[in-house]
Amino acid sequence: MEQLLAGLRAAGEPTRLRLLSLCARAELTVTELTQILRQSQPRVSRHLKLLVDAGLLSRFREGQWAFYRIASGPEGPRLGRAIVDLIPENDPMYIRDLERLDEIKEARAEAAASYFSENAPRWDEMRSMYVPEAEVEACVRGILGGGAVSDLLDIGTGTGRILEVMAPDIRHGVGIDLSHEMLAVARVNLGKTGLEHCQVRHGDMYELPFDDGSQDAVVFHQVLHYAEEPASAIAEAARVLRPGGQLVIVDFAPHRQRVLIEEHAHHRLGLAGEEVTAWCESAGLRSELVREMKGEPLTVNVWLASHRPRASSGAATGKISTAVDD
Ligand SMILES: C[S@@+](CC[C@H](N)C(=O)[O-])C[C@H]1O[C@@H](n2cnc3c(N)ncnc32)[C@H](O)[C@@H]1O
């Protein structure tokens, strides 16, 4: 009762209710929240602190910024989400807040896009500074190769490298990317190698231009550390995956290289195993860390996920299941 009352008291104020509803939709900094609410920073910070103290919001640091999001502890999300769900969708202030939130998201996307535009031609070179490239690519090919994959989708394909690596093993490959400049580089690369069964197209990982259950395999290679909402991106990948299909996620283990956030537009300091497991779980996938490639200063992890087997199918079949949940 005490915890519930503390939560209700914290949310029972107009600015704090707006903050709660915004932080249920995105991870936001005080500066961004100040821009949306048009209130002073000390005032917004004070309200945020009350919401954090009441367990409705959680605060986490990424590089030089502190982000706020709806709490993900055992009690916080139930109450916080329940309150947010009760806000009338036609409330003018609520509508205006969401419009301003969209503006913030667009500005962030533009900043990331301009980074990629500037760096598109140099990306292959930059990437090799951090990752034992041949080893990672061999690992992805070891998982997905062998002829079982007909249709492959490479999300955030960048220069199209994963398509090139997988090309000998697949019937058809598509890479999607948000950056036209990256796509231009990928098209040049694929053209050079004459891979006509692989294409790239413009697309957003949060809204994949593919039908449900249309892909045998989906890859996120060094993409999710840029994602604002990895859980949504993984859910979208799960949607387009066929029953028995495989999702491969390659990304950095948690690290302290803040320069990647400050100068390279990363959104996260790597991905923690338990985060990946939870994102996959909520998308109906079962995931497993299949490879850990320790490097200096960055370690690369490879996760494999597939739809959970039907409860009625009896025995679990190891790493890769063959049926979709009902
Ligand atoms: C670090 S690069 C990795 C490229 C490639 N997977 C590789 O490993 O060579 C990340 C890519 O994700 C793309 N990206 C970022 N946000 C995206 C989104 N919302 N939808 C699709 N692609 C996105 C970027 O444009 C960029 O090309």
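The coordinates are above.
The structure displayed is predicted, hence computed values, not measured ones.

A. Structural detail: the overall build of the protein chain. In terms of helices and strands, the protein chain carries 13 helices and ten strands. Within the protein chain, the fraction of its 326 residues that count as buried is 51%. Once local pairs closer than 6 in sequence are excluded, the contacts in the protein chain between residues at least 24 apart make up 63%. A total accessible area of about 15500 Å² is found for the protein chain, and carbon and sulfur atoms account for 52% of it.

B. Local environment of a negative patch on the surface. Taken together, the side chains of Glu99, Asp102, Glu103, Glu106 and Glu110 present a region of like negative charge at the surface. Residue classification places glutamate 110 among the exposed positions, given a relative accessible area of 56%.

C. Looking closely at the packing of helix H2 (residues 14-23) against helix H3 (residues 30-37). Following both chains from N to C, one finds H2 and H3 inclined at 120 degrees, their axes separated by 11 Å at the closest point. As summarised for this structure, H2 and H3 are arranged oblique, according to the angle between their axes. In this structure, the crossing between H2 and H3 has a hand that is right-handed. Mapping the contact onto sequence places Thr15, Arg18, Leu19, Leu22 and Cys23 in H2 and Leu33, Ile36 and Leu37 in H3. Considering only residue class, the contact of H2 with H3 consists of six nonpolar, one polar and one charged.

D. Quick look at the sheet that holds strand S9 (residues 285-293). Reading across the sheet, the seven strands line up as S6-S5-S4-S7-S8-S10-S9 and stay open at both edges, with mixed pairing between neighbours. With partners counted over all chains shown, the strands left at the sheet margins are strand S6 (198-202) and S9, one partner each. The mean inter-strand angle of the sheet, taken between neighbouring strand axes irrespective of direction, is 20 degrees. Across six bridges, strand S7 (residues 215-221) lies against strand S8 (residues 241-252) in parallel orientation.

E. Looking closely at the environment of leucine 50. Along the polypeptide, leucine 50 turns up in helix H4 (residues 41-53). On the accessibility criterion, leucine 50 (41% relative accessible area) is partly exposed. Residues leucine 50 and glycine 7, 43 residues apart in the sequence, show an inter-C-alpha distance of 9.5 Å. Aside from chain neighbours lying at most four places away, what touches leucine 50 is Ala10 and Arg16.

F. Broad picture of H4. For H4, which comprises 13 residues, the first-to-last C-alpha distance of 18 Å matches the rise-based estimate of 18 Å (1.5 Å per residue) to within 8%. Three or more residues of H4 are buried, namely Val44, His47, Leu48 and Leu51. Down the axis of H4, the smallest arc covering the buried residues is 100 degrees, so these residues share one side. Seen from the open side of H4, the exposed residues pointing more than 90 degrees away from its buried face are Pro42, Arg46, Lys49 and Asp53. After H4 finishes, the residue glycine 55 shows a positive phi value of roughly 80 degrees.

G. The pairing of S9, seen in detail. Pairing between S9 and strand S10 (residues 300-307): eight bridges, direction antiparallel. By the bridge assignment, arginine 286 is partnered in S10 with serine 306. Hairpin connection between S9 and S10: a loop of six residues separates the two successive antiparallel strands.

H. Quick peek at unusual backbone geometry. Between glutamate 296 and the following residue, proline 297, the backbone shows a cis peptide bond with an omega angle of 5 degrees. Although it is not a glycine, arginine 38 sits at a positive phi angle of roughly 60 degrees. Among the structural elements, arginine 38 can be located in the loop between H3 and H4. Taking relative accessible area as the criterion, arginine 38 reaches 57% and is therefore assigned exposed.

I. View of the side chain of glutamine 215. Among the secondary structure elements, glutamine 215 is positioned in strand S7. Exposure remark for glutamine 215: the relative accessible area of 6% places this residue in the buried category. Within the local environment of glutamine 215, its side chain forms a polar contact with the side chain of serine 214, the two groups lying 3.3 Å apart. In this structure, glutamine 215 is in contact with Asp151, Leu152, Leu153, Phe210, Val240, Leu241 and Arg242, ignoring residues within four places of it in sequence.

J. View of the pattern of salt bridges. According to the stated counting rule, one finds 15 salt bridges in the structure shown. Across the pair arginine 268 and glutamate 275 runs a salt bridge, and its minimum N-O distance is 4.0 Å. Residue arginine 268 is classed as buried on the basis of its relative accessible area, which comes to 3%. Classification of glutamate 275 as partly exposed rests on a relative accessible area of 25%. Residues joined by salt bridges that share partners form a network here, namely Asp151, Arg171, Asp216 and Arg242.

Rules used throughout
Residues numbered from 1 in each chain as written. Predicted model: local features only at pLDDT ≥ 70, side-chain atom pairs only at ≥ 80, totals over all residues. Heavy atoms only, no water. Helix = DSSP H or I, 4+ residues; strand = E, 2+ residues; numbered from the N terminus. Buried < 20%, exposed > 50% of the residue type's maximum accessible area, 1.4 Å probe, protein only. Contact = heavy atoms within 4.5 Å. Areas by Shrake-Rupley, 256 points an atom, 1.4 Å probe, with all protein chains shown as cover. Patch = residues over 30% accessible without salt bridge, like charges linked within 9 Å, V, L, I, M, F, W, Y side chains within 5 Å. Salt bridge = Lys/Arg side-chain N within 4 Å of Asp/Glu carboxyl O. Lys, Arg positive; Asp, Glu negative; His and termini not counted. Charge placed at Lys NZ, Arg CZ, Asp CG, Glu CD. Axes fitted to C-alpha atoms, helices over the stretch in contact; angles between N-to-C directions. Parallel < 35°, antiparallel > 145°, perpendicular 65-115°, else oblique. Left-handed = near helix turned anticlockwise from the far one by under 90°. Nonpolar A, V, L, I, M, F, W, Y, C, P; charged D, E, K, R; others polar. Pairing = 2+ DSSP bridges. Expected span 1.5 Å × (residues − 1). Arc of directions from axis to C-beta. Polar contact = N/O pair within 3.5 Å; in protein donor to acceptor, adjacent residues only side chain to side chain.

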